[in-house]
Amino acid sequence: MQSLILYGFKRLAAVALATLLAALPLQAATAKDTAQAKNKTNKLVRDLSPRKFTVVKAPATKLAQSRATVNQRKATAGNGLRLGPRASRTLAVMVPARPSFGQVYGLHSTDDALDLKSSVALVVDQDTGEVLFSKNPQAVLPIASITKLMTALVVTEAGLSMNERLTVTQEDVDFTAGSRSRLRLGTTLTRGEMLHLSLMSSENRAAHVLGRTHPGGLQMFVRLMNRKALELGMLNTRYVEPTGLSSDNQASATDLSRLVSAAMAHPIIRQLSTSLDAVMPVGAGGMQFHTTNGLVRSPEWDIGLQKTGYISAAGRCLVMQAQVAGRSLIMVLLDSAGKYSRIGDAERLRKWLITSAVPLMPAVPVVPVMPVGTLLHLMPLIPVADTAVQPR
């Protein structure tokens, strides 16, 4: 009898020991995977820092399927089987898209006759100043890389040598960290080539190099940008840097129409901004760059000048000078929702202008050039939600 009881205790001890040993790998695996999940979370936080301008998304269907798989594994583990390391990992993180300023201000709720996806739109006859289409034209919003049009204007009017060779430094790399750039540290190009890439391909480091190497340095360059804006009557415009990566670079559509008109006076800006492709002496065999505006390639468009822009705070932006229905028009589209929506809005405007046969009408020019400090020709402020489409 005693031997039977002793055998029973030994049997129970063996089972308990086996259970304990089986649990140890599970705990170790869980701790390891928890550390991996923590590292992934930390990396995600770094990737979503304000300088990254990125959004991470996980499809809801896949996330639900993954959760179902984990629940099934946990149920299996509860029946006495070892839970695999995959089950304890972080599966996905849903990060909502960062709203633009226009979305925060409620500008997308403004209705317009063409159902545009841009919260701000303006079409002006360059010759007469007649406003043909407007939607929130005085709303002041971030303008992203539309900034580079003012950068180009300041560089061009400074009369600096376009053949001077400029080099990308660590300062340029650090400032543009988190944004896309194909110009590595140490890349050397001429000022003209940097200007070309800034306008055609919206190269951020090229634009920063242009500002940094300007006589007087970057701070002086930004001061000149704001001074030029004041000269052009861009009273609702502010620049803090030359690339457009900062959401503090802001302007209204009315102001940007003045900038486009002023930039049109310079053939080099017209030529470089509408260039389709260019091979730059970057790397061993050269590197090809392309335009960011697909409309330049379209045979249905006759574009004299253009610039695109995007950061999450600004949405998709586009400014152009184009010949439509026999008229020289300036188009401004800001805070467009969707990757291709600004292109779609431009097409809607073009077709509307063609079919509506808008007649020529004299109007006070909307693009006056003002001396520094002059307060003449100030346009009255229009409420942010104002929308106007002339009936035709």
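Details of the structure are given in the entry above.
Because the structure is a prediction, the values reported are computed rather than measured.

Definitions and limits used
Residues numbered from 1 in each chain as written. Predicted model: local features only at pLDDT ≥ 70, side-chain atom pairs only at ≥ 80, totals over all residues. Heavy atoms only, no water. Salt bridge = Lys/Arg side-chain N within 4 Å of Asp/Glu carboxyl O. Helix = DSSP H or I, 4+ residues; strand = E, 2+ residues; numbered from the N terminus. Buried < 20%, exposed > 50% of the residue type's maximum accessible area, 1.4 Å probe, protein only. Polar contact = N/O pair within 3.5 Å; in protein donor to acceptor, adjacent residues only side chain to side chain. Contact = heavy atoms within 4.5 Å. Phe/Tyr/Trp six-rings, centres within 6.5 Å; stacked < 30°, edge-to-face > 60°. Lys NZ or Arg CZ within 6 Å of the ring centre and 35° of its normal. Axes fitted to C-alpha atoms, helices over the stretch in contact; angles between N-to-C directions. Parallel < 35°, antiparallel > 145°, perpendicular 65-115°, else oblique. Nonpolar A, V, L, I, M, F, W, Y, C, P; charged D, E, K, R; others polar.

A. Summary view of the pattern of salt bridges. Taken as a whole and assessed by the stated rule, the structure comprises 12 salt bridges. A salt bridge links Asp255 to Arg258; the nearest nitrogen and oxygen atoms lie 4.0 Å apart. Highlighted residues: Asp255 and Arg258, both in helix α9 (residues 253–263), separated by 3 residues, approximately one helical turn. For the pair Asp255 and Arg258, a shared accessibility class is recorded, and that class is buried. Residues Arg297 and Asp277 are paired through a salt bridge, measuring 2.8 Å at the closest nitrogen-oxygen approach. Of the two residues, Arg297 is situated in the loop between β8 (287–290) and β9 (303–311) and Asp277 in strand β7 (residues 277–280); the sequence distance between them amounts to 20 residues.

B. Main features of helix α4 (residues 147–157). With respect to burial, α4 is a largely interior element, 10 of its 11 residues being buried. Those residues of α4 not exposed but buried are Thr147, Lys148, Leu149, Met150, Thr151, Ala152, Leu153, Val154, Val155 and Thr156.

C. View of the side chain of Ser201. Within the secondary structure layout, Ser201 lies in the loop between α6 (191–200) and α7 (204–212). A polar contact is formed between the side chain of Ser201 and the backbone oxygen of His290, at a distance of 2.7 Å. Sequence-distant contacts of Ser201, defined by excluding residues within four places in its chain, comprise His196, Phe289, His290 and Thr292.

D. Inspection of the environment of Thr237 at higher detail. The residue Thr237 is located in the loop between α8 (217–231) and β6 (250–251) in this model. Separated by 17 residues in sequence, Thr237 and Thr254 place their C-alpha atoms 10.0 Å apart. Beyond its immediate stretch of four places on either side in the chain, Thr237 contacts Asn226, Ala229, Gln250, Ala251 and Asp255. A distance of 2.8 Å separates polar atoms of two side chains, one belonging to Thr237 and the other to Asp255.

E. Quick peek at the packing of aromatic side chains. Counting across every chain of the model gives 2 aromatic pairs. Seen from their ring centres, Phe101 and Tyr105 are 6.1 Å apart, and the 75 degrees between their planes marks the pair as edge-to-face. Here the residue Phe101 and the residue Tyr105 both occupy positions in helix α3 (residues 101–105), the gap between them amounting to 4 residues, near one helical turn. Classification of Phe101 by relative accessible area gives partly exposed; the value is 25%. Exposure remark for Tyr105: the relative accessible area of 49% places this residue in the partly exposed category. Measuring from centroid to centroid gives 5.8 Å for Phe133 and Trp352, while their planes differ by 70 degrees, and the two rings are edge-to-face. Of this pair, Phe133 sits in strand β2 (residues 131–135) while Trp352 is found in helix α11 (residues 341–356), placing the two residues 219 residues apart along the sequence. By relative accessible area, which is 0% here, Phe133 ends up buried. The ring of Phe289 is capped by Arg182, whose NZ or CZ atom sits 4.5 Å from the centre of that ring. Lying across the ring of Tyr310, Arg316 places its NZ or CZ 3.9 Å from the centre.

F. Structural context of unusual backbone geometry. The phi torsion at Asn136 lies on the positive side, around 50 degrees, for a residue other than glycine. Along the chain, the position of Asn136 falls in the loop between β2 and β3 (141–142). A residue is classified by how much of its surface remains accessible, and Asn136, at 0% relative accessible area, is buried. Positive phi values are uncommon outside glycine, yet Ala325 reaches one of about 55 degrees.

G. Local environment of the packing of α7 against α8. Here α7 crosses α8 at 95 degrees, and the two axes come no closer than 7 Å. On the basis of their axis angle, the class for α7 and α8 is roughly perpendicular. The residues of α8 that touch α7, namely those facing His208, Leu210, Gly211 and Arg212, are Gly217, Leu218 and Phe221. Taken together, the residues that form the contact of α7 with α8 break down as 3 nonpolar, 3 polar and 1 charged.

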